[in-house]
Amino acid sequence: MDLSSLNSIAQSMVAPNKGILAADESTPTIGKRFATIDTESNEKSRQTYRNMLFTSANASDYISGVILFDETIRQSTDDGIPFAEYLTSLGIVPGIKVDKGAKKLPMCAGELVTEGLDGLRERLAEYHELGARFAKWRAVLSIADDKPSKTCIEVNAHALARYSALCQEAKIVPIVEPEVLMDGDHSINKCYDVTAEVLNKVFTSLNEQKVSLNGIILKPNMVISGADAKDRADIVTVAGATVKCLTEHVPEEVPGIAFLSGGQTSEEATAHLNAMNEHGPHPWQLSFSYGRALQAQPLKAWSGEASNINAGQKAFIKRSRLNSLARTGNYNPQMEETG
Ligand code: 5MM
């Protein structure tokens, strides 16, 4: 099987100065986001919001790919162009979330396993027809005294590898997302140890299942203090610990690492990425695949009002540009004020 096309798609997903917009909120999640701006979530309002983001002027200067949800890949711009076709015409790679969500893991109280492997081969073939060239699958692991269990780490790594192999068979680049949640009062050291163990297991499973590492993108959490920790590690410490953990556990063959923001503020997520790229080059591209950290500001600026579309697009482009600058360590927090 010719795997070179997978590598070239992966390279374009982590092209210099650009990153990925995660806009693949499932219907319940986008409903929660819209509730924060008192906006009803229905098929039309979701299309309006995603149309606003995707048609922002000059988005392709900063955005290399967009992760879509099943409903969105079947929707079109206000001008009637299917979203995937529209993005492709701009040089932005369309992607698709293919997992069916994290469900209760039996025998492991409070832990989750991501489902969605049944019928995945057929779904991937359809998504490829619809224009998707990469996919995303998110595993979720929590930190607590007795968590994550070995079982939880093992089953999620196995599923991520099963998904990845099916994606590559379908000529679709898998984004491999094992998210160690920030929830809790744990230290950054605890996050380091758990993230290291999870990454080890994920790469063992990917190798066992013959996944080509130069045809994937890794989407990990940063190594960071728990959200409720007393003394949270500062930006330089987070950046240093994250790069160290990745250097020790991510093979150099992987073309790129695109972080999730995981509940960090927009400014924190940009500053952390910037601090990591200040001390490059690294063996892999260090990029972003943010959901909340790219969307929180445009969502608020829009607030569900047609008259705010321009303001929403301006906020989205500003956030995208600042993260683009963080790809080369050229972001400065003062830019938050000056635009
Ligand atoms: C955009 O949110 C994604 C979808 O979440 P649900 O399946 O829960 O609806 C989510 O997977 C996202 O892609 C990642 O968590 C990264 O987003 P953040 O907000 O953590 O940067």
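Since we're looking at a predicted model, the values are computed, not measured.

K.L.:
What exactly am I supposed to notice about the packing of helix α2 (residues 27-35) against helix α3 (residues 43-54) here?
P.N.:
A pair of packed helices is captured by two measures, namely the crossing angle of their axes and the spacing between those axes. As a packed pair, α2 and α3 sit with axes 12 Å apart at the nearest point and diverge in direction by 75°. By the angle between their axes, α2 is roughly perpendicular relative to α3. Every residue of α3 that contacts α2 at Thr-27, Ile-30 and Phe-34 is listed here: Ser-45, Arg-46, Tyr-49 and Arg-50. Broken down by class, the residue content of the contact of α2 with α3 amounts to three nonpolar, two polar and two charged.

K.L.:
I tried to follow the site of the ligand on my own but got confused; where do I start?
P.N.:
The local shell around the ligand holds 17 residues, among which Ser-26, Thr-29, Lys-97, Lys-136 and Ser-261 are the closest. Here an oxygen atom of the ligand and a side-chain polar atom of Lys-136 are 2.4 Å apart. At 2.7 Å from an oxygen atom of the ligand is found a main-chain nitrogen or oxygen belonging to Gly-262. Considered on its own, the ligand offers 500 Å² of accessible surface; in the complex 90% of this is hidden by protein. Elements that contribute at least two residues to the shell around the ligand include exactly β6 (134-141) and β7 (173-180). Grouping the amino acids of the shell around the ligand by side-chain chemistry returns three nonpolar, five polar and nine charged.

K.L.:
Whenever I open this one, unusual backbone geometry confuses me. Can you help?
P.N.:
As a rule of thumb, non-glycine residues mostly have phi less than zero, and peptide bonds are mostly trans rather than cis. The omega torsion of the bond from Lys-147 to Pro-148 falls at 0°, within 30 degrees of zero and hence cis. Its location among the elements puts Pro-148 in the loop between β6 and α7 (150-169). The linkage connecting Gly-280 with the following residue, Pro-281, adopts the cis geometry, with an omega of 0°. Tracing the sequence through the fold places Pro-281 in the loop between α10 (266-278) and β10 (285-290).

K.L.:
What am I meant to see in the sheet that holds β7 here?
P.N.:
Where strands meet in a sheet, backbone hydrogen bonds hold them as pairs that are either parallel or antiparallel. The strand order around the closed barrel formed by eight strands is β1-β2-β3-β6-β7-β8-β9-β10, and the pairing between neighbours is parallel. Pairing analysis gives three bridges linking strand β3 (residues 93-97) to β6, with the strands arranged parallel. Bridge pairing in β6 links Lys-97 to Lys-136. On the sheet, α10 packs against β9 (256-259) and β10 and is oriented at approximately 170° with respect to β10.

K.L.:
It is not clear to me how the pairing of β6 should be interpreted in this structure. Could you clarify?
P.N.:
One face of the sheet, then the other: side chains in a regular strand alternate in exactly this way. Taking burial as the measure, the eight residues of β6 include seven buried ones, the bulk of the element. Bridge count between β6 and β7: eight bridges; the pairing is parallel. Its bridge partner lying in β7, Ala-135 is registered against Pro-174.

K.L.:
Would you take a moment to explain α3 for this structure?
P.N.:
Side chains that are three or four residues apart share a direction in an α-helix, a result of its 3.6 residues per turn. With twelve residues, α3 should reach 16 Å at 1.5 Å per residue; the first-to-last C-alpha distance of 16 Å fits that figure. α3 sits mainly inside the fold: nine of its twelve residues count as buried. Turning to α3, its buried residues number three or more, namely Ser-45, Arg-46, Gln-47, Tyr-49, Arg-50, Asn-51, Met-52, Leu-53 and Phe-54. Regarding α3, its N-cap is Asn-42, as a side-chain oxygen of that residue lies 3.1 Å from the backbone nitrogen of Lys-44 further along.

K.L.:
Explain the packing of helix α11 (residues 292-302) against helix α12 (residues 309-326) to me, please; I cannot follow it from the model alone.
P.N.:
Relative to each other, α11 and α12 sit at 160°, their axes nearing to 7 Å. The orientation of α11 with respect to α12, classified from their angle, is roughly antiparallel. Two packed elements cross with a definite hand, and for α11 against α12 that hand is right-handed. The segment α11 lies against α12, with Ala-293, Leu-294, Gln-297, Pro-298, Ala-301 and Trp-302 engaging Ile-309, Ala-311, Gly-312, Ala-315, Phe-316, Arg-319, Ser-320 and Asn-323. For the contact of α11 with α12, the class distribution of residues is nine nonpolar, four polar and one charged.

The rules behind each value
Residues numbered from 1 in each chain as written. Predicted model: local features only at pLDDT ≥ 70, side-chain atom pairs only at ≥ 80, totals over all residues. Heavy atoms only, no water. Axes fitted to C-alpha atoms, helices over the stretch in contact; angles between N-to-C directions. Helix = DSSP H or I, 4+ residues; strand = E, 2+ residues; numbered from the N terminus. Parallel < 35°, antiparallel > 145°, perpendicular 65-115°, else oblique. Contact = heavy atoms within 4.5 Å. Nonpolar A, V, L, I, M, F, W, Y, C, P; charged D, E, K, R; others polar. Near = heavy atom within 4 Å. Polar contact = N/O pair within 3.5 Å; in protein donor to acceptor, adjacent residues only side chain to side chain. Areas by Shrake-Rupley, 256 points an atom, 1.4 Å probe, with all protein chains shown as cover. Pairing = 2+ DSSP bridges. Buried < 20%, exposed > 50% of the residue type's maximum accessible area, 1.4 Å probe, protein only. Expected span 1.5 Å × (residues − 1). Left-handed = near helix turned anticlockwise from the far one by under 90°.

Functional significance is not addressed by these values, which are geometric in nature.
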